[in-house]
Amino acid sequence: MLRLEARPQPSRAWTYASPLLAIAITVLLGVLLFMALGKDPVRGLQMFFWEPIKTKYALGELMVKATPLLLIALGLAVCFRSNVWNIGAEGQFIIGAVCAGGVALLADKESGRWMWLAVVAAGMLGGMAWAGLTAVLRDRFNASEILVSLMLVYVADMVLSYLVYGPWKDPAGFNFPQSKTFEAATQIPRLMSGSRVSVGLLLALAAAAALWVFLFRTRAGFAQQVGGLAPAAARYAGFSSRRALWTALLVSGAAAGLAGALEVAGPIGQLTPYVPAGYGFAAIIVAFVGRLHPAGMVLSAILMSMFYIGGELAQSRLGLPKSITGVFQGLLLFCLLACDTLVTYRLRLRKA
Amino acid sequence: MEAYALLLAATLNAGTVLALAALGLLINEKAGVVNLGAEGLMLCAAIAGFVAVVHTGSDLLGFAAGMGAGALLAALFGVLVIWLGTNQYATGLALSLFGVGFSAFVGIKYVQEKLPPRPQFSWPVLGDIPLLGPALFKQHPLVYGAMLIAAALIWFLYKSRTGLVLRAVGESPASAHALGYPVRLIRLAAVVAGGALCGLAGAYLSVIYTPLWVEGMVAGKGWIALALTTFATWRPARVLLGAYLFGGVTMLQFHLQGAGVDVPSQMLTALPYVATIVVLALISRNPTWIRVNMPASLGKPFHPG
Amino acid sequence: MSSPSQASRLQLAGITKRYPSVVANQNVDLRVEPGQAHAVLGENGAGKSTLMKIIYGAVKPDEGHIEFNGKPVHIRNPQQARALGISMVFQHFSLFDTLSVAENVWLGLDKSLSLAEVTRRIEAKASEYGLDIAPDRPVHTLSVGEMQRVEILRALLTHPQLLILDEPTSVLTPQAVDKLFMVLNKLVSQGCSLLYISHKLHEIRALCSACTVLRGGQVTGVCDPRQESNASLSRLMIGAEPPALAHKARAPGPVVLQAQGLNLVSEDPFGMDLQGIDLQVHSGEVVGIAGVSGNGQRELMYALSGEDARPLGGSLSMEGASLVGLGPQARRQLGLHFVPEERLGRGAVPAMSLAHNLLLTRAESVGAGGWIRTGALAEQARGLIERFRVKAGGPHAAAQSLSGGNLQKFIVGREIEAQPRLLILSQPTWGVDVGAAAQIRSQVLALRDAGCAVLLVSEELDELFEMCDRLHVIAKGRLSPSLDREQATVARIGEWMSGLWPSPAQLDTGGAHAQA
C-alpha cells in the first residue's frame, strides 16, 4: 500500500515541480470536463492556452488582466507568509476603487495631467484603511482576521452599491447605476498605443522586485516570515508580532487598493456595481500557485489571466458558461495543495 | 402584534439555515478540524438539492442530495487535510472558491426553474393557538429538526463515550493516538458528518427557505456559521441561540424596510455582516475564555509519528 | 529466581525497526520474567522509546518476534496490548487537559464499563496504593506529579501483567520518587512485571533486579544492576566512562543580574504566577535553579528573557540598568542572552537554514538599513558549525534536519559567541546525547571562567550539582534562598521543592527548618 514518509528536508526539486504537476492535472481534468460537455477538448485547450497569446493585442489584454491579479497576490504573499489570513482582498480592492473613483470624480476639464497620481494614491490609501479595520479588530480584540476581512467584503460591496445607486449616480446616465465616466486627466497613462496595457504593469513588476528584496534581503522581511513559520521563535527573537500583523495587512490593503484604482481609472473608466470581478479571490490562488514567491507569482498571474480570457472566449465561441473559469481556478488550487504534499513527504510503496 | 408573531416565525426559519450549518461545523471543530469551505460546500449542496427536487419533485430526495453533496465534498477536504496534511485554512479556501464556481456552472440551466408549490405545515392543536401558533408552530419540520439535532449533539458530546472520544481527539490528538484511538478516521468521520449537516443547510436554503436557484445565493451564511461556532464557544445550545439571533437580525432588515424606515437599503443589507463583526470582536476579547473552551488542536495538523 | 520451566512474562527476539534516516532497533533481544523489575538503560537516542512503542503496539517491528507468557503474539495496536495485560505510563503524559480525571482514565480503559463504575474503581485503587486523587477534577488543575498519578492509576486499573514506565521520575521531587517506588514495589510483589526505562543509574539500582543496556539501537549487555558500578554501567551505555568536568572554585565578581521582589501574573490561565522572587547572579559564577516542571520556571524564563516584557511588581535590572519593559532585542544589547528549553519552534525555526537561524539573535551580518549580507551570513554559520563541532549538512541545512544534540550545540554556540555578560540556559541538555551534553556543559563552564554570569535552570539535579556554584529551588512560583553547593544535598533540595524552605531570617541564625 502507499505510505507517506516525512522527508528530512523539504525537497527543492518538488518545490518547483509541484505547481507544474498541478497545472498538468488541472488541464487533464479540464479536457475530461470538455468531453463530458460534448465540446471538442482540443478547441477548448486552444481557447485557454493559445488564443490569449496569439497576437500582440492578445498579449496586451493578457497583461491588462494579469496586472491586478499580480498586485493583489504580491500583497497577499506578505500576509500568508506571516500567517495572517487576509481573505478580504476583494473588499480592499473595492474600497480602493471607490476612493480612487471619488477623487477622479473631483476632476474636471481643467484638471492637470498628473491627476491620475492622486487617483492612484487615493486607491492605495482606501485599500489600506479598509485592511486597517481588520488589523485593528485583530490587534485590539483578537477577532479572527479570516472572518472579519470576509465580512468586510460584503460590507464593501454594499458601500459601492449605495454610492452608484445613490449620491454618485450619473445624472446624465439614463438612471443606470453608474458614475460619470472619468475625465481623461484621471486615466492611467497607456504604455503604448494600440494596446490597453497601462503604466500599471510597470508598477506591478516593480512591486514584484521590491517584494523579492524585502522578503529575501532585509531583516524586516525575515522577521515577518519567522512570525509566520514559528511564532514562538519570533517572540524569542524579539520580533514584534503586532508590527508583523499591521505590516502584512497594510501592505496587502495598499496593493489591493492600487489594483482597484488601476482597474477603475483604466479599463473601466467609471464606477459601476460590476467593478468587483473576483480578483481578490483569484489572487489567493495566484499567490499559492506562485509559491508565495515574486517570480512564481508573475508566472501564475499570467496563467490565471489565461484562465479568465479563456473562459470569456469559451463562452463566446463554444457556448460554455463563463463560470467555467471559477471551476478551473478552484480545481487548480486543490491540485496544487495535493501536489504540495510531495514537497514535504515522499511516496513509498510498502508491503502490508 | 400579528407582525411580531410573523417576525418571530421568520426568525426561526432564517435561523435554521445558520443553525444546521453551524452545528455541522461544530462537530468538525470539536475534532480539531476547521473547514473554511462551508460557503462553497453549502452552495454545491443547494444546487444539488434544487436539481433533485426539480427532477423528482421530492423534497426528501432534495435534502438527501444536499447532504450527499456536502458529505462528498467534505470527504475530499478531509482526505486532503487529514491524510495528505495540507494546510486546513488554504484547503478550506480552495473548497469555497471551487464550490462557488462549480455551483454556478452546474446551476446555469436552473436559474429560471420553479419548484412545485411548497407545502405548509402546522402542528395539530398548537398551530391554532392565536399569536403563538403562527409564531412557533407552523414551521417546516426541519426547523424543529435543527432543535432536535442540537439536543442530540448535547447528549452525544457530553453524555456518551463516543462523544468523549471525539472531544479527546480535538483536545489532544497525540494523546488519543498514544492510547490507540484511530485519530485520523475519527477526524474524517467528524468532517463528513459536519459536511452532511452543512449540506442539509444548503439544501434547506434552496428548497424551502427561498425556493429558487441564484448564483451565490448562500450570500455569506457559510462564513457567518463559522463565526457562530466561535462566538458560541463551541456549545450546541449557544450555537442554536446565536443562529436565531442572527436570523433575527436578517429579518429585522426586512421589517425595517417594510416599516418605511429611512435608511438606504444597502445599509440594512449589510446589517448581518456588520453584526457578525461586532459580536466576533466582543467575544474574542477574552483570551482566557477562548482557551478554556476551544478544542486545543483546532486548525493544527496531526501526523502519527 | 524463576525456574527454567516457567515461561518468561515477555520475550523479544531479533526485533529490528528501521526508519528512513536511522535504524532505531537492531536485532534486539529482551527477556522479562514474571514479577521482575527490569530496567532498560540507554542514553537519549539509543532506541528505548521505539522498543517500548513496539511492545505497546503503537509501532510494528520490521523483523523479529514477540512471546507473551510463552505464547507468540502479534501486537497490532495499544488496545490489543492492553487486552493482553501490557500497560504503559508515558513520559509525556497522554492526558486531556479539559477533561476530568475519571474521564481521562475511562478513555484508557476499554469500553464496557460506565463512567460511574470507573470512578468507583479509581477511588478503590487509589486508596489501596495510597495515591491521593479526586476523580472529578479537570486535569489541567493538577500538578505534574498528580498528573502522573492519574497515568499510573489508569495503568493499574487494567490489571497489568507487564507495566512499562518511560522515564517516570523526571517530573518528580526526590520524595515523590520514593513514594512512586513504594507503589511499584507493591505491584511487583503481587506478580506484575515491570519494564523501567531510565538513564538514572541510582534509580535503576534501587528498584530493579535486571537490566538490559541499549546503545545505538543494539543490546550491549544484560546484567544485574545491583552488582554493577556506575562506571561499568556507563561503559555499557556510552562505551566509555562519563567525562569528568573540571569545576574549579572561583571568586565571583560584581552583580550582573538582580531581581528583587519580582511579582508577575502568568499569561496562561493554566500557568503559575511568580511571587516575590529575589535572585542575584554575579559575573564568573553559575547559579542554578532546581525544580520540577510546572512550578514557574517557564514564566520566570519569559520574564527574564524579555519575551514577556509586561510591567512587573518589584525590580529587575542588569548591571544597574532596569530591564522592565525591554524586549529581547534590547536585553541582548545589554548583553543578556538566552537558550530556551524548546529547540525547534522557539530556539530555531525548523524549516529555515542554520544560517538564517543565526539572524534570530545575531546581527553581525546585517548591514545598514537591515540589508542581509547573505555571503557573510553563510560564512558566519560555517564558522560556528566548525568551532562547535555541529554535525550538519552545511550552513544551508534546515534546522529540523539536525539531531537534537547537534541543534542544541548550534544554538548554545550561537549565544556563547555573542560574548554575553549574562547567559541564561533552560534545560540545556534535555534530550541531548551524552557526548553533546558533555561538550555543552564544559563550554558553559569555560564561559563562566572567562567572567560571564550564568543562570542555569534544570530539572536534572545531577547536572546542577556538577555545574553550579550556588543553587535555588523554585516551587509554586516562589524562589528559595540560595544554597552553596557544598551545603546542597538531594534530600534538602527535595524538601525545598515542596516549598518547605526556611525564611532568610531563620537561615541566618542557622535555625531549624520551617515545618508547614
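What you see is a predicted model; the values in this text were computed from it and never measured. (Residues numbered from 1 in each chain as written. Chains lettered and ligands numbered in written order. Predicted model: local features only at pLDDT ≥ 70, side-chain atom pairs only at ≥ 80, totals over all residues.)

## Here's the deal with the overall build of chain A
Which entries qualify depends on this criterion: Only runs of H or I of at least four residues qualify as helices and only runs of E of at least two qualify as strands under DSSP, and these elements are numbered from the N terminus. Three exposure classes are used, based on other C-beta atoms lying within 10 Å of a residue's own C-beta, which is placed from the backbone: buried for 20 or more, exposed for 12 or fewer, and partly exposed in between. The contact rule is simple: place each C-beta atom from the backbone, and if two of them lie within 7 Å, those residues are in contact.
When helices and strands are counted, chain A shows 13 helices and two strands. By principal-axis analysis of the C-alpha atoms, chain A measures approximately 75 × 60 × 35 Å. Evaluated residue by residue, chain A yields a buried proportion of 53% over its 352 residues. Contacts in chain A between residues at least 24 apart in sequence constitute 78% of all its contacts with a sequence separation of at least 6.

## Thoughts on the overall build of chain B
To keep things clear, this is the line we draw: Taken over C-alpha atoms, the radius of gyration is set against a globule rule of 2.2 Å times the number of residues to the power 0.38.
A tally of helices and strands in chain B yields 14 helices and zero strands. Walking chain B from its N terminus toward its C terminus, one meets helices and strands in the order α-α-α-α-α-α-α-α-α-α-α-α-α-α. Relative to the globule expectation of 19 Å for 305 residues, the C-alpha radius of gyration of chain B, 19 Å, shows essentially globular dimensions. With respect to the principal axes defined by its C-alpha atoms, chain B has extents near 60 × 45 × 40 Å. Across the 305 residues that make up chain B, the buried fraction comes to 53%. Counted over contacts in chain B with a minimum sequence separation of 6, partners at least 24 positions apart contribute 79%.

## Quick notes on the interface of chain B and chain C
For clarity, the threshold we go by: Residues were grouped as follows: Ala, Val, Leu, Ile, Met, Phe, Trp, Tyr, Cys and Pro as nonpolar; Asp, Glu, Lys and Arg as charged; and all remaining residues, including Gly, as polar.
Counting residues at the interface gives 14 residues for chain B, matched by 17 residues for chain C. Elements that contribute at least two residues to the side of chain B that touches chain C include exactly helix H7 (161–171), helix H8 (173–178) and helix H14 (287–293) of chain B. The dominant element in the side of chain B that touches chain C, judged by the number of residues it contributes, is H7 of chain B, at five residues. Classifying every residue of the side of chain B that touches chain C by side-chain character gives seven nonpolar, four polar and three charged.

## Concerning helix H6 (residues 141–159) of chain B
All names here are of chain B. Going by this rule: An expected span of 1.5 Å times one less than the residue number is assigned to each helix. As used here, the arc is the angular range of directions from the helix axis to the C-beta atoms.
Between its first and last C-alpha atoms H6 spans 26 Å; for 19 residues at 1.5 Å apiece the expected length is 27 Å, and the two agree. Buried within H6 are the following residues: Leu-142, Val-143, Ala-146, Ile-149, Ala-150 and Leu-153. One face of H6 carries all of its buried residues, which in axial projection span an arc of 110°. In H6, the exposed positions angled more than 90 degrees off the buried face are occupied by Pro-141, Leu-148, Ala-152, Trp-155 and Lys-159. On its buried side, H6 packs onto helix H1 (2–30), helix H9 (183–209) and helix H11 (236–258).

## Thoughts on the sheet that holds strand E12 (residues 274–282) of chain C
All names here are of chain C. What counts, and what does not: Between any two strands, pairing holds if DSSP finds at least two bridges. A fitted line through C-alpha atoms serves as each axis, taken over the contacting stretch for helices, and the angle formed by two N-to-C directions is quoted from 0 to 180°.
With respect to topology, four strands assemble into an open sheet ordered E12-E11-E14-E15, the strand pairing being antiparallel. Bordering the open sheet on either side are E12 and strand E15 (321–322), each of which pairs with just one other strand. Across six bridges, the pairing between strand E11 (residues 255–264) and E12 is antiparallel. If you follow Gln-258 over to E12, its bridge partner there is Gln-280. Against the sheet, helix H9 (residues 297–305) engages E11 and E12, with an angle of about 60° to E12.

## Looking at the interface of chain B and chain A
Buried accessible area, meaning the area lost when the parts come together, often serves as the stated size of an interface. Listed by partner, the interface residues are 37 residues for chain B and 36 residues for chain A. Of the residues in the side of chain B that touches chain A, the class split is 26 nonpolar, 10 polar and one charged.

## Considering the packing of helix H3 (residues 101–108) of chain C against helix H5 (residues 144–156) of chain C
Residue and element names in this part refer to chain C. Worth spelling out the cut-off: Note that the term roughly parallel is reserved for angles under 35 degrees, roughly antiparallel for angles over 145, roughly perpendicular for angles of 65 to 115, and oblique for everything else. Whether a crossing is left-handed or right-handed is set by the direction in which the near helix is turned from the far one by less than a right angle, anticlockwise for left-handed and clockwise for right-handed.
It is at 9 Å that the axes of H3 and H5 come closest, and there the two elements cross at 40°. Here H3 lies oblique to H5, going by the angle between them. The interaxial crossing formed by H3 with H5 has right-handed handedness. Taken together, the residues of H5 that come into contact with H3 (itself represented by Val-101, Asn-104, Val-105 and Gly-108) are Val-150, Leu-153 and Arg-154. When its residues are assigned to classes, the contact of H3 with H5 shows four nonpolar, two polar and one charged.

## Quick notes on the pairing of strand E14 (residues 313–318) of chain C
Residues and elements named next belong to chain C. With five bridges connecting them, E11 and E14 associate as antiparallel partners. Bridge pairing in E14 links Gln-260 to Ser-315. Both E14 and E15 contribute to a ladder of two bridges, which runs antiparallel. Paired with Ser-317 across the bridge in E15 is Ser-322. Counted along the chain from E14 to the antiparallel partner E15, the turn is two residues long, and its residue Glu-319 has a positive phi close to 45°.

## Section: unusual backbone geometry
The backbone of Asn-83 of chain A sits at a positive phi, close to 60°, despite the residue not being glycine. When you line up the elements, Asn-83 of chain A lands in the loop between helix H3 (56–81) and helix H4 (89–105).

## Some details on the confidence of the model for chain B
Residue and element names in this part refer to chain B. Our working rule: pLDDT is defined as a per-residue confidence score from the predictor, taking values between 0 and 100.
Across chain B, the average pLDDT comes to 89, with 100% of residues at or above 70. Between the elements of chain B, mean pLDDT differs from a low of 73, seen in H14, to a high of 96, seen in H9. The complex model carries a pTM of 0.88, and its ipTM stands at 0.86.

## Focus on the sheet that holds strand E8 (residues 193–198) of chain C
Residue and element names in this part refer to chain C. Read across the open sheet, the six strands follow the order E6-E7-E8-E3-E9-E10; overall the sheet is mixed. The open sheet is flanked by strand E6 (86–89) and strand E10 (218–223), the only strands paired with a single partner. With strand direction ignored, the average angle separating the axes of adjacent strands in the sheet is 20°. Relative to E8, strand E7 (residues 162–166) is paired through five bridges, and the arrangement is parallel. For Leu-165, the partnering residue across the bridge sits in E8 and is Tyr-196. The sheet strands contacting helix H1 (residues 48–56) are strand E3 (37–41), E6, E7, E8 and strand E9 (210–215), and the helix crosses E7 at an angle near 150°. The strands touched by helix H8 (residues 230–238) are E3, E9 and E10; relative to E9, the strand with the most contacts, the crossing angle is about 40°.

## Some words on the environment of Ala-244 of chain A
Residue and element names in this part refer to chain A. Along the chain, the position of Ala-244 falls in helix H10 (residues 241–268). Sequence-wise, Ala-244 and Leu-331 are 87 residues apart; in three dimensions their C-alpha atoms are separated by 31 Å. Apart from residues lying up to four places away in sequence, Ala-244 is in contact with Ser-82, Ala-223, Gln-224, Gly-227 and Phe-239.

## Thoughts on the nonpolar core
Threshold: Nonpolar core, as used here: buried Ala, Val, Leu, Ile, Met, Phe, Trp, Tyr and Cys residues forming one set through C-beta atoms within 7 Å. Annotation comment: domain bounds sourced from an automatic or database domain assignment.
In this structure, Ile-72 and Ala-73 of chain A are the most contacted members of the largest nonpolar core, which totals 380 residues. Residue contributions to this core peak at 15 residues, all from H9 of chain B. Composition of this core by domain shows at least three residues from each of domain 1 (10–238) and domain 2 (255–508) of chain C. Setting aside residues up to four positions removed in sequence, Ile-72 of chain A forms contacts with Ala-89, Phe-93, Ala-255, Ala-256, Ala-259, Tyr-279, Gly-280 and Ala-283 of chain A.

## Quick look at the confidence of the model for chain A
On average, residues of chain A score 89 in pLDDT, and 98% of them reach the 70 mark or higher. The secondary-structure element of chain A with the lowest mean pLDDT is strand E1 (residues 2–6) of chain A, recorded at 75, while helix H9 (residues 231–237) of chain A shows the highest, at 95.

## Side note on the environment of Arg-492 of chain C
Residue and element names in this part refer to chain C. Examined against the element boundaries, Arg-492 turns out to sit in helix H16 (residues 490–496). The exposure class assigned to Arg-492 is partly exposed, which follows from the 17 C-beta atoms found within 10 Å. Taking the C-alpha atoms as reference, Arg-492 lies 28 Å from Cys-452; in sequence the two are 40 residues apart.

## Quick notes on the packing of helix H7 (residues 199–217) of chain A against helix H12 (residues 294–318) of chain A
Residues and elements named next belong to chain A. The interhelical angle for the contact between H7 and H12, taken along N-to-C directions, is 150°, at an axis separation of 9 Å. By the angle between their directions, the pair H7 and H12 is classed as roughly antiparallel. From H7, Ala-208, Leu-211 and Trp-212 reach across to H12, where they touch Pro-294, Met-297 and Val-298. Its residues placed into classes, the contact of H7 with H12 shows six nonpolar, no polar and no charged.

## Some points on helix H4 (residues 115–129) of chain C
All names here are of chain C. In this model, H4 (15 residues) spans 21 Å end to end at C-alpha, consistent with the 21 Å of a helix rising 1.5 Å per residue. Listing the buried residues of H4 in full gives Val-118, Ile-122 and Ala-126. Axial view of H4: buried residues confined to an arc of 70°, hence all on one face. Facing away from the buried side of H4 by more than 90 degrees, the exposed set consists of Ala-116, Glu-117, Ala-124, Ser-127 and Glu-128. Contacts made by the buried residues of H4 are with H3 and H5. In the segment just after H4, Gly-130 is the residue with positive phi, at about 70°.

## What about the environment of Ser-305 of chain A?
Residues and elements named next belong to chain A. Of note, Ser-305 is situated in helix H12. A sequence separation of 69 residues divides Ser-305 from Tyr-236, and the C-alpha atoms of the two residues are 42 Å apart. If we skip the residues at most four places from it in the chain, Ser-305 touches Leu-62, Lys-65, Ala-66 and Leu-69.

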